[in-house]
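One-letter residues, chain by chain:
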Amino acid sequence: MNDVAIIGVGLHPFGRFSKTAMEMGAEAIQLALTDAGVEWKDIQFGFGGSYEVSNPDAVTRLVGLTGIPFTNVFNACATAASCIEQTAEAIRSGRYDLGIAVGMDKHPRGAFTDDPAKLGLPAWYAENGQFVTTKFFGIKANRYLTDHGISQRTLAKVAAKNFRNGALNPNAFRRKPMAEDDILNSAMLNYPLTQYMFCSPDEGAAAVIMCRGDIAHRYTSTPVYLRASAIRTRRYGGADGDQEKMLAEGATEIGGRLPVNTDGGLIANGEPIGASGIRQVHELVLQLRGQAGERQVPGNPRVGYAQVYGAPGTAAASVLSL
């Protein structure tokens, strides 16, 4: 089986913009092409993901009508990660040498909600409010905190750390640090989650260019290898960790032993669904290359892990390394 290398990444900033999702997607593609040192005509195939845009393949009209095969993907918040996995698998199969995964979205303000019937869910799922994302995750968080004796302040610590990291990220939506007490005392939306413990639906795009591992050095002296990528539906139960202890000792800070969300994560970046998973990989690539600037993890990191949960149940994980 062939290794797959990431040779180019591109990120349109996340936030609110006076341009279409497709235009943001095209900009992310151009940034990735420049980063990889290739041209659009070199790309052999693509996968694209979005929630709001039903035909991400139409981004080709803005970057070049080269007739490549292009597949549209939607997998809730795991959409972009699914695009990455499918692009990698197409290369591993030996069918292609060079491909692109791109995600784009432009969401209105407010919490995500929809008709539960579209996802095969019963009417009561919406009637009791669970299809509003704030309530869905509030219920899950409350159960977890209760079962494992975790304080609400721990959630504020997580958010404050992400806001601090976002302040160092020029592409983040929210770039202002917030104190734990201000987060904890902000408007309660769905207990135990307050206003600033949630990410916001917003706008943005991201792209990643991958190739066969054995030809990566044709394009870059610093390839990053996608060692594993997996998509799974949920199962009963979960892994219980030592969150409060890790946060108290600073383990998840940029300079800690296990840095998490060095670019500010969803809290600071918000979530354009189609782009989030690729944003995570974009950040990992910068970190592994040593190009993350003020938020660079010290000690020359060599392995990165990305994970995203797509409510109400699909999750994706990827492992990258030098």
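Let me sum up the structure you'll find in this document. For clarity, every value in this text was computed on a predicted model and none was experimentally measured.

Notes on the packing of helix α3 (residues 79-92) against helix α10 (residues 276-289)
Reasoning step 1: With their axes 5 Å apart at the nearest point, α3 and α10 run at an angle of 65° to one another. The angle between α3 and α10 falls in the class roughly perpendicular. Residues Ala80, Ala81 and Ile84 of α3 lie in contact with α10, whose contacting residues are Ser276, Gly277, Ile278 and Val281.
Reasoning step 2: Of the residues that constitute the contact of α3 with α10, the class distribution is 5 nonpolar, 2 polar and no charged.

Thoughts on the pattern of salt bridges
Reasoning step 1: For the structure on display, the rule yields 17 salt bridges.
Reasoning step 2: Between Glu180 and Lys157 there is a salt bridge; the shortest N-O distance is 3.5 Å. With Glu180 in helix α7 (residues 180-184) and Lys157 in helix α6 (residues 152-166), the pair connects residues that are 23 residues apart, well separated along the chain.
Reasoning step 3: Judged by its relative accessible area of 24%, Glu180 falls in the partly exposed class.
Reasoning step 4: A relative accessible area of 31% means that Lys157 is categorised as partly exposed.
Reasoning step 5: Among the charged side chains, a salt-bridge network with shared partners connects Arg153, Lys157, Glu180 and Asp181.

Here's the deal with the nonpolar core
Reasoning step 1: Grouped together as the largest cluster of nonpolar side chains are 31 residues, with contacts concentrated most on Ile29, Trp40, Ile43 and Ile209.
Reasoning step 2: Contributions of two or more residues to this core are made by β1 (4-15), α1 (21-36), β4 (98-106) and β7 (203-212).
Reasoning step 3: When residues in this core are grouped by element, the largest group, 9 residues, is from α1.
Reasoning step 4: When residues no more than four places from it in sequence are discounted, the contact partners of Trp40 are Ile29, Leu33, Thr60, Val63, Gly64, Thr66, Ile68 and Ile100.
Reasoning step 5: The next biggest cluster of nonpolar side chains, apart from the first, holds 29 residues, and it includes Val9, Tyr96, Ile278 and Ala306.

A word on the side chain of Thr194
Reasoning step 1: Its location among the elements puts Thr194 in strand β6 (residues 193-194).
Reasoning step 2: For Thr194, a relative accessible area of 0% translates into the label buried.
Reasoning step 3: Polar contacts involving the side chain of Thr194 include one to the main-chain carbonyl oxygen of Ile183, which spans 2.7 Å.
Reasoning step 4: Aside from chain neighbours lying at most four places away, what touches Thr194 is Gln152, Ile183, Leu184, Ser186, Ala187, Met188 and Leu189.

Some thoughts on the side chain of His282
Reasoning step 1: As for its placement among the helices and strands, His282 is situated in helix α10.
Reasoning step 2: Residue His282 is classed as buried on the basis of its relative accessible area of 9%.

Structural notes on α6
In an α-helix, one turn spans 3.6 residues; hence positions three or four apart end up facing the same way.
Reasoning step 1: Its 15 residues place the ends of α6 22 Å apart at the C-alpha level, agreeing with the 21 Å of an ideal helix rising 1.5 Å per residue.
Reasoning step 2: For α6, the buried fraction is high: 11 of the 15 residues fall into the buried class.
Reasoning step 3: Those residues of α6 that fall on the buried side of the exposure criterion are Gln152, Thr154, Leu155, Ala156, Ala159, Ala160, Lys161, Asn162, Phe163, Asn165 and Gly166.
Reasoning step 4: Among the structural elements, α5 (133-148), α7, β5 (188-190), β6, α8 (243-248) and α9 (265-269) are those in contact with the buried residues of α6.

Quick notes on the packing of aromatic side chains
Reasoning step 1: Across all of its chains, the model carries 6 aromatic pairs by this definition.
Reasoning step 2: The interplanar angle of 85° and the centroid separation of 6.2 Å between the aromatic rings of Phe45 and Phe47 together place this pair among those described as edge-to-face.
Reasoning step 3: You can call Phe47 buried: its relative accessible area is 11%.
Reasoning step 4: With 4.9 Å between their ring centres and 90° between their planes, Phe136 and Phe137 make a pair best called edge-to-face.
Reasoning step 5: Overall, the relative accessible area of 8% leaves Phe136 in the buried class.
Reasoning step 6: One aromatic cluster is present, built from ring pairs that chain together Phe45, Phe47 and Tyr96.

About the thresholds
- Residues numbered from 1 in each chain as written.
- Predicted model: local features only at pLDDT ≥ 70, side-chain atom pairs only at ≥ 80, totals over all residues.
- Heavy atoms only, no water.
- Axes fitted to C-alpha atoms, helices over the stretch in contact; angles between N-to-C directions.
- Helix = DSSP H or I, 4+ residues; strand = E, 2+ residues; numbered from the N terminus.
- Parallel < 35°, antiparallel > 145°, perpendicular 65-115°, else oblique.
- Contact = heavy atoms within 4.5 Å.
- Nonpolar A, V, L, I, M, F, W, Y, C, P; charged D, E, K, R; others polar.
- Salt bridge = Lys/Arg side-chain N within 4 Å of Asp/Glu carboxyl O.
- Buried < 20%, exposed > 50% of the residue type's maximum accessible area, 1.4 Å probe, protein only.
- Core = buried A, V, L, I, M, F, W, Y, C linked by side-chain atoms within 4.5 Å.
- Polar contact = N/O pair within 3.5 Å; in protein donor to acceptor, adjacent residues only side chain to side chain.
- Expected span 1.5 Å × (residues − 1).
- Phe/Tyr/Trp six-rings, centres within 6.5 Å; stacked < 30°, edge-to-face > 60°.

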